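# Structural overview for review
Chain by chain, the residues run as shown.
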Amino acid sequence: MHCSTCDRVSLWPVSCLQWSNYAMSNGGGGAGASSSTHLLDLLEEPIPGVGTYDDFHTIDWVREKCKDRERHRKINSKKKESAWEFTKRALAGVIDIVADWMNDLKEGVCLSAMWFNHEQCCWDSNETTFAERDKCPQWKTWAELILGQAEGPGSYIMNYFMFTFWALSFAFLAVSLVKVFAPYACGSGIPEVITYIDQTSSSNRFYLILEFLDNVHGLSLGKEGPLVHVACCCGNIFSYLFPKYSKNEAKKREVLSAASAAGVSVAFGAPIGGVLFSLEEVSYYFPLKTLWRSFFAALVAAFVLRSINPFGNSRLVLFYVEYHTPWYLFELFPFILLGVFGGLWGAFFIRANIAWCRRRKSTRFGKYPVLEVITVAAITAIVAFPNPYTRQNTSELIKELFTDCGPLESSQLCQYRSQMNGSQAYSEGSDAAATPGVYSAMWQLSLALVFKIIMTIFTFGLKVPSGLFIPSMAIGAIAGRIVGIAVEQLAYYHHDWFLFREWCEVGADCITPGLYAMVGAAACLGGVTRMTVSLVVIVFELTGGLEYIVPLMAAVMTSKWVGDAFGREGIYEAHIRLNGYPFLDAKEEFTHTTLAREVMRPRRNDPPLAVLTQDDMTLAELQNIISQTSCNGFPVIVSKESQRLVGFALRRDITIAIENARRKQEGIMLNSRVYFTQHAPTLPADSPRPLKLRSILDMSPFTVTDHTPMEIVVDIFRKLGLRQCLVTHNGRLLGIITKKDILRHMAQMANQDPESIMFN
């Protein structure tokens, strides 16, 4: 017998009328015992557990909207909302501060206050100099503490050893916490959040873990994914405190949409970009009121972050920049070239990373996640330490690459001839010829670029909390800074070329290398994620560079066009497909000419559909069908002969109703008649008490005809949030189409392995 919904992720809508009779009960029920002289009638007595979902089952948006409308009819009092916002933002600020401290712990420790990082330790020092502003007596490297010397081969080796030791320790701690306490906290978290918000039902498996370890173990990873995950943890946990959200899966997902926006907001200090990120990349359902609530969440995030001041610069943004020169029209050409590089990098990274992750799943690599993380962390630390641009924290590297050179900058990237005289301001205009220090820095950046590209491919997807925004931006910023310095020197030595003649005068500053780094960062991030509007907003919020929005737009759009030429999937969609999550991407177009009858089940040579009849089944027959199948629901028909569709009943609701009937009613036996009609069928006098299950029956299941084009069916699934629909012909039941049937069909049309569309 073929199941009507054999997939673990199939779903069945319940009509608003039936659902309204038990929607407001505690956990779906909570009624008292019924009289033994009356038949069990669920229209009068809600049953605890009816209408809920098992873990990893997709939810029914239509039913949940009906529940919420019924709640509004019965509750007119003022609701409490968004009580979890402050906790979420404060936690993110604490994570930023602790992550900075633990990252600097790999290099040394502050003697005056152990909890201060390197920058905070030297804030109050009166013994710093202009040339060595990052050195102060209060901050000691591990070589100074252990060997008592700051220079020499022994000091270098000791610092090298301690850097590697702390990196391995933090990596081992992160992977151990994930493996022992929170298996679902590994990876980016954003593909899981996207799928969870889209459809999948789950209990509180968004484990709140020490996800700040993602940014301190030295791996080529970022923090935006874990912070989005942490924000959704808080939203999921606190939603259980309010019946409005805890009893309605669709309303809970509105909370999580706002939470994901808040996660990006607190990760980068980009509140508006976070809202747009949730709208463009994460949320399946984003009504206007969710937009308002997400905006309010961003407001709270900005207030709390500004109060905590986690970045130590009294600013909300992570990479605040202040450029002194505008951009010129001829610079659009190198900006577009950076967009091309970003698109090529994104396409290459997605293919290489997915290939490696697939190999990890199919080989012995995946069986030893702790060993793999330790190995990658050891290689990263050993190779990264000799190069100052790979040794430092990735966020600090991006900040240095974004920064415009001036008289107060001591970076090696700013060692121009005009900087030899510290008393002369950079803005006055002088020679812009680079010294050997700048060329040396460019070679180091080139090596750092190759290192970051290779390690990011092999690192993203490890069994640790991991984000992709920061490493992608670092790769783009390195490439952009190199291109910016090259264009700057070209304009200096060849200012009489027609490209530079109009804008670049001798001794004038017309090229800003930091701007190229910012554009390159946006281009590479866009190539990996395929974001557009939200990415541009995030970057100019991240840097405060609103004046440079046109170069950002040009680079991001070029990056997306180039990346789409090699495949329209972003990295998150690719990992969703790799993991087999049941996600129907709204960005993917269905262009085939198949019909519903070609996709529905059962197909030719399949066993018949598992169905229930409305009034001529016994309890033993019903339980036999349930025990012999793994279906999550069954169509109810008039009779085997007519095959006329009556409604749809959930397996879970049927089981709960039977258990409740046996507990509260006497006389329910295996030969009791089960009926789904309004009135009980005529039975002999000696028949046992019948069992009425009409109230758990969805009288208005969504149906399509067998000649409906699949293009329309796919559009219906996407826009209505369906998990299944029934296929009929002149009112006679023919089969069923679930979301997984559509995903399998789309995979077959794309010549992919349809068996990969499943939960692992």
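Only a predicted model underlies this, so the values are computations on that prediction, with no experimental measurement involved. What you see as residue numbers is a count from 1 along each chain, following the sequence as written. For this predicted model, a pLDDT threshold of at least 70 governs which residues receive local features, and a threshold of 80 or more governs which side-chain atom pairs are given and counted, while totals over whole chains, interfaces and linings are taken from all residues. The basis for the side-chain values is all heavy atoms of the structure; hydrogens and waters are excluded.

### What about the pairing of strand 7 (residues 633–637)?
- To sort residues, take the accessible area from a 1.4 Å probe on protein chains only and compare it with the maximum for the residue type: under 20% means buried, over 50% means exposed, and anything in between is partly exposed. Helix and strand assignments follow DSSP, with helices taken as H or I runs no shorter than four residues and strands as E runs no shorter than two, numbered in order from the N terminus. The buried count for strand 7 comes to 5 of 5 residues, which makes it a mostly enclosed element.
- Of the two faces of strand 7, both are covered, the one formed by Gly633, Pro635 and Ile637 as well as the one formed by Phe634 and Val636.
- Note: two strands are recorded as paired if DSSP finds a minimum of 2 bridges between them. Across 2 bridges, the pairing between strand 5 (residues 612–613) and strand 7 is parallel. In the strand pairing of strand 7, Thr613 is matched with Ile637.
- Pairing analysis gives 5 bridges linking strand 7 to strand 8 (residues 645–650), with the strands arranged antiparallel.

### Here's the deal with the UniProt feature "transmembrane region" (unreviewed entry) in the chain
- Per the UniProt record, "transmembrane region" (unreviewed entry) is annotated on residues 160–182, 255–279, 328–350, 370–389, 441–462, 474–495 and 515–540.
- Helix makes up 91% of residues 474–495 and strand 0%, whereas the separation of the span's terminal C-alpha atoms amounts to 30 Å.
- This span, residues 515–540, is 88% helix and 0% strand, and a straight line between its end C-alpha atoms measures 11 Å. UniProt positions are given in the numbering used here, feature names are shortened, and annotations may be inferred rather than shown by experiment.

### Description of a nonpolar patch on the surface
- Candidates for patches are residues over 30% relative accessible area with no salt bridge; among them, like charges are joined within 9 Å and nonpolar side chains (Val, Leu, Ile, Met, Phe, Trp, Tyr) within 5 Å. Calculation of accessible area relied on Shrake-Rupley with a 1.4 Å probe; when residues are assessed, cover is drawn exclusively from the protein chains displayed. For this document, the term salt bridge refers to a Lys or Arg side-chain nitrogen within 4 Å of an Asp or Glu carboxyl oxygen. Side chains of Leu111, Leu145, Ile146 and Leu147 sit close together on the surface and give an oily, nonpolar patch of about 340 Å² of accessible area.
- Following the sequence through the fold, Leu147 ends up in the loop between helix 5 (142–146) and helix 6 (153–180).

### Focus on the side chain of Asp698
- Structurally, Asp698 is set in strand 11 (residues 697–698).
- Within polar-contact distance, the side chain of Asp698 engages the backbone nitrogen of Ser700 at 3.0 Å. Two N or O atoms form a polar contact when they lie within 3.5 Å of each other; inside protein one atom must be a possible hydrogen donor and the other a possible acceptor, and for residues adjacent in sequence the pair counts only when both atoms belong to side chains.

### Some points on helix 26 (residues 710–720)
- If you check which residues of helix 26 are buried, you get Met710, Val713, Val714, Phe717 and Arg718. Angularly, the buried residues of helix 26 cover 130 degrees about the axis, an arc narrow enough to put them on a single face.
- Contacts from the buried residues of helix 26 go to helix 23 (596–599), strand 13 (724–729), strand 14 (732–738) and helix 27 (739–749).
- Trailing helix 26 by a residue or two, Gly721 shows a phi angle of about 70 degrees, which is positive. The directions considered for the arc run from the helix axis to the C-beta atoms. Throughout, a contact is declared for two residues whenever any of their heavy atoms are within 4.5 Å.

### Remarks on the pairing of strand 13
- The buried count for strand 13 comes to 5 of 6 residues, which makes it a mostly enclosed element.
- Taken together, the 3 bridges between strand 12 (residues 703–705) and strand 13 define a ladder with parallel strand orientation. Counterpart to Val704 in the pairing with strand 13 is Val727.
- The handedness rule is simple: strands pointing away from the viewer, and a clockwise path from the first strand over the helix to the second, make the crossover right-handed. Considered for its hand, the β-α-β crossover made up of strand 12, helix 26 and strand 13 is right-handed.
- Summarising the sheet, strand 13 and strand 14 pair through 6 bridges and their orientation is antiparallel. By the bridge assignment for strand 14, His729 is matched with Arg732.
- Two successive antiparallel strands, strand 13 and strand 14, enclose a turn made up of 2 residues, where Asn730 displays a positive phi of approximately 55 degrees.

### A closer look at helix 14 (residues 369–384)
- By definition here, a helix of n residues has an expected span of 1.5 Å times n minus one. Helix length check: helix 14 (16 residues) gives 22 Å between terminal C-alpha atoms against 22 Å at 1.5 Å per residue, within 8%.
- Of the residues making up helix 14, those classed as buried are Pro369, Val370, Glu372, Val373, Val376, Ala377, Ala378, Thr380, Ala381 and Ala384.
- Where helix 14 is buried, its residues meet helix 6, helix 13 (332–362), helix 15 (388–391) and helix 17 (436–459).

### Looking at the nonpolar core
- Judged by nonpolar contacts, the single largest core of 107 residues is most densely connected at Phe268, Phe349 and Phe402.
- Take this core: its biggest share by element is 12 residues, from helix 18 (residues 469–493).
- Delimitation of the domains relies on an automatic or database domain assignment. Both domain 1 (91–121 + 131–308) and domain 2 (329–402 + 441–569) contribute no fewer than three residues apiece to this core.
- Sequence-distant contacts of Phe349, defined by excluding residues within four places in its chain, comprise Ile354, Thr456, Ile457, Phe460, Leu468, Val528 and Ile571.
- Definition used in this section: a nonpolar core is a set of buried Ala, Val, Leu, Ile, Met, Phe, Trp, Tyr and Cys residues joined via side-chain atoms within 4.5 Å. Listed in part, the 23 residues of the second largest apolar core include Met617, Phe634, Ala657 and Ile696.

### Comments concerning the sheet that holds strand 6 (residues 617–618)
- Read across the sheet, 3 strands follow the order 6-9-10 without closing on themselves; strand pairing throughout is mixed. Because the sheet does not close on itself, it has two edges, and the strands there are strand 6 and strand 10 (691–692).
- As paired elements, strand 9 (residues 673–675) and strand 10 share 2 bridges and run parallel to each other. What sits directly across from Tyr675, in strand 10, is Lys692.

### Topic: the sheet that holds strand 8
- If you walk across this open sheet you meet the 4 strands as 5-7-8-11, and the pairing is mixed. Bordering the open sheet on either side are strand 5 and strand 11, each of which pairs with just one other strand.
- All axes are obtained by fitting lines to C-alpha atoms, using only the stretch in contact for helices, and the reported angles, taken between N-to-C directions, cover 0 to 180 degrees. Sheet strands touched by helix 25 (residues 651–664): strand 5, strand 7 and strand 8. Its angle to strand 8, the strand with the most contacts, is close to 75 degrees.

### Looking at the environment of Val714
- The topology assignment puts Val714 in helix 26.
- Residue Val714 is classed as buried on the basis of its relative accessible area of 1%.
- Each C-alpha atom of the pair Val714 and Lys739 lies 8.8 Å from the other, and the pair is 25 residues apart in sequence.
- Val714 has contacts with Leu584, Phe590 and Ile742, leaving out every residue within four places of it along the chain.

### Side note on the packing of helix 13 against helix 21 (residues 549–566)
- Where helix 13 meets helix 21, the axes come as close as 7 Å, and the angle between the chain directions of the two elements is 40 degrees. For helix 13 against helix 21, the interelement crossing comes out right-handed. Taking contact as the criterion, the partners of Leu332, Phe335, Ile336, Gly339, Val340, Gly342, Gly343, Leu344, Ala347 and Arg351 in helix 13 are, on helix 21, Pro551, Ala554, Ala555, Thr558, Ser559, Val562, Gly563 and Phe566.
- We call Asp, Glu, Lys and Arg charged. Ala, Val, Leu, Ile, Met, Phe, Trp, Tyr, Cys and Pro are nonpolar, and the rest, Gly among them, are polar. Residue classes in the contact of helix 13 with helix 21 are distributed as 11 nonpolar, 6 polar and 1 charged. Throughout, a crossing is termed right-handed when the near helix is turned clockwise from the far one, and left-handed when it is turned anticlockwise from it by less than a right angle.

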